[in-house]
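Residue-level structural notes
Next come the chains, spelled out residue by residue.
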Amino acid sequence: MNTGLQPLNKHLAQARPSATYRMMDRVAARRASGAKVISLSAGEPDFDTPAHVRAAAIEAINAGHTRYTQVAGMRALREAVAAKYRNENGFDVRWDDTIVCSGGKQVIYNALAATLNEGDEVIVPAPYWVSYPEMVQLCGARAVVVTCGSDSGFKLTPQALADAIGPRTRWLILNSPSNPTGAVYSREELAALAEVLLAHPQVLVLSDDIYEHLIFDGARFHTIAQVEPRLASRTLTMNGVSKAYAMTGWRIGYATGPRWLLEAMEKLQGQQTSGASSISQHAALAALTGPQQFIAETRAVFERRRDMMVRMLNETPGLSCAVPGGAFYAFASCKGLIGRTTAAGTLLTTDEDVALALLEEADVAVVHGSAFGVGPYIRIAYALDDDALKAACLAMRDFCGATRG
Ligand SMILES: Cc1ncc(COP(=O)(O)O)c(C=O)c1O
């Protein structure tokens, strides 16, 4: 508790802790008291990091690669990152057009911290990843949240973007495939947003491509600076190894963008964390330059799970779920449960009530949609094996079926 004797930074004092981590803590507490909780709350793949990546890390340790690296990352890894952007995204970039950070999260935070001043605005389409508005808040700026409902497939429309841009707008944050909805922007949709942005040269674009490879139905991935190269000089295209190679714990993210921005981020990082873990950088190098079949294999698994989850969720009374095009999340409306009472007697007035009751009465953990800026929804991460997912869906079905109106 802040008693006033321990004054906090005013921006931190107003920021909210991550709702996903809060739910993970609740799950841990419930498990500690003996409950068998199926957790669909964590945003990480359930697979092991590929064997050749793990071997590269062990080799790096034994070869003595255990010292500080350059702040912006080892040259070899930055070469690999640049090659990835050239080959997969069609960017004309070299190693010194890239930066490596301790996770995608640090890329985003440092980009915002390096550029935002008090009173600046950042456009954050909702549903959003929980960290965006809080990071903006920590930097002393203001998140302008633009609600994108199910009618637009949870995606920002050109009109909504045009309406949100003002004289203080510094950034637009785009995330496709999206956490929490799995929505994927098409080339045409990005081109239409780019058209609006071209008329506002003061607006920077942060393209969060962390779920790039988790895209289904044979669709192609597009990123805005590739769709509209005239935006490349003011776009930070961010990515990382966390989701693509099941490497969330290794903490390696990277980006490409204009040199002035990368240099500012490097300056900040040099006074903060310095270079990312040398061992993790060697592992990331192996991930980016080694065999890539892991990506196709895990994508196929997630796509199969998505189909099963959407079918089972839509068979659950009170829930309805559109088909997400990517990532590993289903964002299901729980509107049909609001106003109802659970078997244990809890009145469900918000989506947070639904998520808490699901945990306490059905031992299934999900995150409420309002934490991502749009309710009443629940976000379901389907990063568990089929049996656990089926068991969770059946428990949710029983829970929902037992509510009374
Ligand atoms: C949309 C989005 N962006 C960025 C990140 C950050 O990833 P990491 O810091 O693990 O690289 C996450 C992780 O959950 C995410 O969901």
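In short, a report on the structure.

**Some words on the overall build of the chain**
Check the secondary structure of the chain and you find 14 helices and 13 strands. Here the C-alpha radius of gyration of the chain, 21 Å, is about what a compact globule of 405 residues would show, namely 22 Å. Its C-alpha atoms give the chain principal-axis dimensions of about 60 × 55 × 55 Å. Considering only contacts within the chain whose residues lie at least 6 apart along the sequence, 74% involve residues at least 24 apart. For the chain, the accessible surface area stands at approximately 16,900 Å², while carbon and sulfur atoms represent 52% of it. Both charge centroids of the chain, one from 38 positive and one from 40 negative side chains, sit 2 Å from each other.

**Digging into the nonpolar core**
If you look at soluble globular proteins, the nonpolar side chains tend to sit buried side by side. One finds Leu40, Leu112, Trp171, Leu236, Ile378 and Ile380 to be the most contacted residues of the largest nonpolar core, which totals 84 residues. Examining the composition of this core, we find that seven residues originate from one element, helix H14 (residues 386-401), more than from any other. Aside from chain neighbours lying at most four places away, what touches Leu236 is Val107, Ala111, Trp171, Val205, Leu206, Ser207, Ala255, Thr256, Gly257, Leu261, Leu262 and Met265. If you look at the next biggest cluster of nonpolar residues, it comprises 26 residues, including Met74, Val81, Tyr245 and Met247.

**A short note on the site of the ligand**
Gly104, Asp208, Tyr211, Lys243 and Arg251 are the nearest of the 13 residues found near the ligand. Separating an oxygen atom of the ligand from a side-chain N or O atom of Asn179 is a distance of 2.8 Å. Contacts to the ligand include Asp208, whose side-chain N or O atom sits 2.5 Å from a nitrogen atom. Starting from 400 Å² of accessible surface for the ligand in isolation, the protein chains cover 92%.

Basis of the calculations
- Residues numbered from 1 in each chain as written.
- Predicted model: local features only at pLDDT ≥ 70, side-chain atom pairs only at ≥ 80, totals over all residues.
- Heavy atoms only, no water.
- Helix = DSSP H or I, 4+ residues; strand = E, 2+ residues; numbered from the N terminus.
- Rg over C-alpha atoms; globule rule 2.2 N^0.38 Å.
- Contact = heavy atoms within 4.5 Å.
- Areas by Shrake-Rupley, 256 points an atom, 1.4 Å probe, with all protein chains shown as cover.
- Lys, Arg positive; Asp, Glu negative; His and termini not counted.
- Charge placed at Lys NZ, Arg CZ, Asp CG, Glu CD.
- Core = buried A, V, L, I, M, F, W, Y, C linked by side-chain atoms within 4.5 Å.
- Buried < 20%, exposed > 50% of the residue type's maximum accessible area, 1.4 Å probe, protein only.
- Near = heavy atom within 4 Å.
- Polar contact = N/O pair within 3.5 Å; in protein donor to acceptor, adjacent residues only side chain to side chain.

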